[in-house]
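The primary structure of each chain is shown beneath.
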Amino acid sequence: MSGDAWVNTDAGFWGGLDEVGSARDRVLKIQAKLHLWAKSDPDRRFGDLFNLVADPAFLMEAWARVRGNKGARSAGVDGQTAYYVESERGTVAFLGEVRAALRSGTFTPLPVKERMIPKPGTRTRRRLGIPTVTDRVVQASLKLVLEPIFEADFQPCSYGFRPYRRAHDAVAEVRHFTSNPRNYEWVVEGDITACFDEISHPALMDRCGNGSATSGCSRW
């Protein structure tokens with residue numbers, strides 16, 4: 001097994017924080033490195049991922065994604081929308097506070113505001129959770145860091161909740177394999193009722209962080 005992989009986070013990037021393009025370029029370069037390292041060595045462990053979550057460029061790109069999302073007008077339990085944060089607190093000051101909280105270990109997610117919304121085409125309703133803007137930014141930064149690593153472990157046949165993939169792609173592959181002369185005749189569909197509501201979070205986190213390297217999940 002190889003040793004830990006460490007990534008330089010360059011704390012001096014704050015000077016160009018308002019340059020979204022520069023932040024995005026830096027994020028893409030680091031993501032490319034993470035993916036390459038994970039792809040080339042399935043047993044590689046990454047030892048400083050939390051530093052990347054608090055990296056100025058990652059936080060800036062995370063903010064850009066949260067701000068550009070259609071849910072930017074929705075407030076969490078603190079009553080603050082992305083537009084409020086931008087106009088009343090200022091983006092740079094806000095992200096500086098988030099970074100300071102992450103680095104000092106004082107960041108604590110707030111409860112999620114819950115709303116019941118109708119499921120399209122049915123009479124049932126599903127639970128929608130609305131995190132605060134701060135929590136959304138941290139979650140987005142986490143996703144920017146973790147996604148290129150976990151992407152290296154996914155199989156080509158996996159389509160769910162992956163970048164640049166959608167249900168239409170899965171349907172197209174099914175059509176491809178069921179077309180003659182490939183001789184596939186059956187398509188089996190399954191679902192787990194309220195999977196995300198019922199899944200054991202401790203078991204999931206244990207598999208992601210402490211499982212065996214051969215499971216393809218343990219990376220730190």
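Residues numbered from 1 in each chain as written. Predicted model: local features only at pLDDT ≥ 70, side-chain atom pairs only at ≥ 80, totals over all residues. Heavy atoms only, no water.

A.B. asks: Before we move on, can you summarise unusual backbone geometry with the specific residues and values?
C.D. replies: With a phi close to 55 degrees, Phe 161 is a non-glycine residue in the positive phi region. Topologically, Phe 161 is positioned in the loop between helix H6 (133–151) and helix H7 (167–178). Residue classification places Phe 161 among the exposed positions, given a relative accessible area of 79%. (Helix = DSSP H or I, 4+ residues; strand = E, 2+ residues; numbered from the N terminus. Buried < 20%, exposed > 50% of the residue type's maximum accessible area, 1.4 Å probe, protein only.)

A.B. asks: Report on the nonpolar core, specifying residues and quantitative values.
C.D. replies: Core analysis: the largest hydrophobic core is formed by 32 residues, its most contacted members being Trp 63, Phe 94 and Val 137. At the level of secondary structure, the elements contributing two or more residues to this core comprise helix H1 (20–40), helix H2 (49–53), helix H3 (56–68), helix H4 (82–89), helix H5 (91–104) and H6. Among all residues touching Val 137, those that are not within four sequence positions of it are Leu 59, Ala 62, Trp 63, Val 66, Phe 94 and Leu 95. (Core = buried A, V, L, I, M, F, W, Y, C linked by side-chain atoms within 4.5 Å. Contact = heavy atoms within 4.5 Å.)

A.B. asks: An account of H3 is needed here, citing residue identities and associated values.
C.D. replies: With 13 residues, H3 ought to run about 18 Å at 1.5 Å a step, and its terminal C-alpha atoms sit 18 Å apart, in line with that. For H3, the complete set of buried residues consists of Pro 56, Ala 57, Phe 58, Leu 59, Met 60, Glu 61, Ala 62, Trp 63 and Val 66. A side-chain oxygen of the first residue of H3 lies 3.0 Å from the backbone nitrogen of Ala 57; this N-cap is Asp 55. (Expected span 1.5 Å × (residues − 1). Polar contact = N/O pair within 3.5 Å; in protein donor to acceptor, adjacent residues only side chain to side chain.)

A.B. asks: Lay out the environment of Ala 57 with the relevant residues and their values.
C.D. replies: Its place among the elements puts Ala 57 in helix H3. In this structure Ala 57 comes out as buried when scored by relative accessible area, which is 0%. Residues Ala 57 and Ser 141, spaced 84 residues apart in sequence, show a C-alpha to C-alpha distance of 9.4 Å.

A.B. asks: Any details on the confidence of the model for the protein? Residues and values, ideally.
C.D. replies: Caution applies to low-pLDDT regions: their predicted coordinates should not be interpreted in detail. For the protein, the mean per-residue pLDDT works out to 84, and 85% of the residues sit at or above 70. Contacts from residues 1–8, a stretch scored under 50 in pLDDT, to residues over four places away or in other chains number 25 contacts. Within the model, the stretch residues 211–216 combines pLDDT values under 50 with eleven contacts to residues more than four positions away or in other chains. (pLDDT = per-residue confidence, 0-100.)

A.B. asks: Requested: an account of the packing of aromatic side chains, with residues and values cited.
C.D. replies: Under the defined criterion, the tally for this structure stands at two aromatic pairs. On the basis of an interplanar angle of 75 degrees and a centroid distance of 5.5 Å, the ring pair of Phe 177 and Tyr 184 is categorised as edge-to-face. Owing to a relative accessible area of 35%, Phe 177 belongs among the partly exposed residues under this scheme. Note that Arg 165 overlies the ring of Tyr 159, its terminal NZ or CZ placed 4.7 Å from the centroid. (Phe/Tyr/Trp six-rings, centres within 6.5 Å; stacked < 30°, edge-to-face > 60°. Lys NZ or Arg CZ within 6 Å of the ring centre and 35° of its normal.)

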